[in-house]
Amino acid sequence: SSLLFLYSLQERMHKLLKVYELLGGEEDIVSPTNELIKEGSILKLSAKSGMTQDRYLILFNDRLLYCVPKLRLIGQKFSVRARIDVDGMELKDSSSSLNLPRTFLVRGKQRSLELQARTDEDKKDWIQAIQATITRHEQTLETCRLINLSHKEEDQTPPSSPNTDLGKRAPTPIREKEVTMCMRCQEPFHSITKRRHHCKACGHVVCGKCSEFRARLSYDNNRTNRVCIECFTALHGSSGYQQQTPQRRRSILEKQASVVAENSIICSFLHYMEKGGKSWQKAWFVIPENEPLVLYIYGAPQDVKAQRSIPLIGFELGAPDTSDRVERRHTFKISQSHLSLYFSAETEELQRRWAAILGQAGRGLECLPPHCILETEEECQASETA
């Protein structure tokens, strides 16, 4: 048995040395306590553009290395971009929430990564490997805790508050293209006069004015980072910043799109145009479960305020007239008095479901919520170019 142990240890050290060479000695990994679990290529989803980038993951029993390839024929092949401890790591299958195939989210104290595998099998292997590593680490910690309990009583600690991890754990950033307005002041973004910024504490997309604050974040080795008003106040207390804006009455449109969509009868992108309009506009439409007779229109799926709400009772559903000269596919309209709104869905199935729900709502009938329909920007663009 001792020979088998020595052989196993030798094999483990040999694998660690190979990875050590791939990284050009950047990472101190050659140790009898370290174990290589899995390595391989992966795609990283950019929070800024949503585009995929070639990356390389190396999973050990205590950390995950997120690496970028170096274009060299010999020597160092990868450079470490981020190190994420297994301790405190969380794993989530994000295919359904992002509506992108083969995606999953790794969230750690130092950073959060939205990743996409090249195949379904590859995704399954990565999720199983990471989850097994997390589980084994937690079991090891629990064993150590039980051993300590045998020597002394367990310290009692109060339950953590919702903001316990703020600044201690890297946030999952909201994608910039999923918002059209600042998630704090709700002012619309503009490519020149009002640009988008990420709060490094909570990950929300905010404007320059709402993110002109700086705070030291422990997950980034206490370096100073750009943060929003709310996070600055939470990290420094009310003494750090006294907000001068007066209390105002909350608008009925101030419902965050992503929160409403989680509990909705139906939600998706649609193109729409009001009668007499000159061009179609693309927007995110939601009918909430708790307001089944109201249609909310958002600029994007993560906006914190709707552009418009339309009470649906009294609207009649119909097909556009030939005189309307509607030049899009899968169209339908709702009309009431002098107001007519034209809609265009990306698929016939989406058109059918919206028409059925809007028709019932117009008659004052509440629909039983089916599964929420979610279409991402990427899916819509794909169907437009198909």
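Please refer to the structure higher up on the page.
Along every chain, residues carry numbers that run from 1 in the direction the sequence is written. This being a predicted model, a pLDDT of at least 70 is required before a residue's local features are given, and a value of 80 or more before pairs of side-chain atoms are given or counted; all residues contribute to the totals for chains, interfaces and linings. As a convention, hydrogens and water are excluded, and side-chain values are obtained from all of the structure's heavy atoms.

## Focus: the sheet that holds strand β14 (residues 294–298)
In plain terms, the rule: Here, a strand pair is defined by DSSP locating no fewer than two bridges between the strands. Note on conventions: DSSP H or I runs of at least 4 residues are helices, E runs of at least 2 residues are strands, and numbering of each starts at the N terminus. Angles shown run from 0 to 180 degrees and are taken between the N-to-C directions of axes, each axis being a line fitted to C-alpha atoms and, for helices, limited to the stretch in contact. Should any heavy atoms of two residues lie within 4.5 Å, those residues are considered in contact.
Strand order in the open sheet formed by seven strands is β15-β14-β13-β12-β18-β17-β16, with antiparallel pairing between adjacent strands. For this open sheet the edge positions go to β15 (308–311) and β16 (316–318), each flanked by a neighbour on one side alone. Within this sheet the neighbouring strands show an average axis-to-axis angle of 35°, counted without direction. Of the pairings in the sheet, the one linking β14 to β15 comprises four bridges and is antiparallel in character. Each bridged residue has a counterpart across the sheet, and for I297 the counterpart in β15 is R308. Here helix α6 (residues 348–362) sits on the sheet and contacts β12 (264–274), β13 (281–288), β14, β16 and β17 (331–336); the angle it forms with β12, its principal contact strand, is near 100°.

## Some points on the pairing of strand β7 (residues 112–116)
Working note: regular strand, side chains alternate between the two faces of the sheet. Just so we agree on the cut-off: Residue exposure (1.4 Å probe, protein chains only): buried if accessible area is under 20% of the type maximum, exposed if over 50%, otherwise partly exposed.
Of all five residues that make up β7, five are buried, and the element is covered over most of its length. Inspection of the sheet shows strand β1 (residues 36–45) paired to β7 by two bridges, in the antiparallel sense. Residue L43 lies in a different strand from β7, and its bridge partner there is Q116. Here strand β6 (residues 103–107) runs beside β7; their pairing, made up of five bridges, is antiparallel. If you follow L105 over to β7, its bridge partner there is E114. Count of turn residues in the β6/β7 antiparallel hairpin: four residues.

## Some details on the pattern of salt bridges
Rules: Within this document, salt bridges are pairs made up of a side-chain nitrogen of Lys or Arg and a carboxyl oxygen of Asp or Glu, the two lying within 4 Å of each other.
In the structure shown here, the tally under the stated rule is 13 salt bridges. Between E114 and R175 there is a salt bridge; the shortest N-O distance is 3.4 Å. Remark: R175 occurs in the loop between α3 (120–149) and β8 (197–198) and E114 occurs in strand β7; sequence separation between them is 61 residues. Put simply, E27, D62, R63 and R83 are held in one network by salt bridges that share partners.

## What about helix α4 (residues 229–236)?
To keep things clear, this is the line we draw: To be clear, the arc concerns the directions from the helix axis to the C-beta atoms.
Taken together, the buried positions of α4 are occupied by I229, C231 and F232. All buried residues of α4 project into a common sector of 165° when viewed along the axis, lining one side. Of the residues one or two after α4, G237 is the one with positive phi, at around 85°.

## Details of the nonpolar core
How we decide: As used in this record, nonpolar core signifies buried Ala, Val, Leu, Ile, Met, Phe, Trp, Tyr and Cys residues forming a set joined through side-chain atoms within 4.5 Å.
Counting residues in each nonpolar core, the largest one holds 25 residues, and the members touching the most others are C199, A201, V227 and C231. When residues of this core are traced back to their parent elements, those giving at least two are β9 (205–206), β10 (213–217) and α4. Not counting the four nearest positions on each side in its chain, C231 is found in contact with L166, C199, A201 and C202. I265, I287, L295 and I357 belong to the second-largest nonpolar core, a separate cluster that totals 23 residues.

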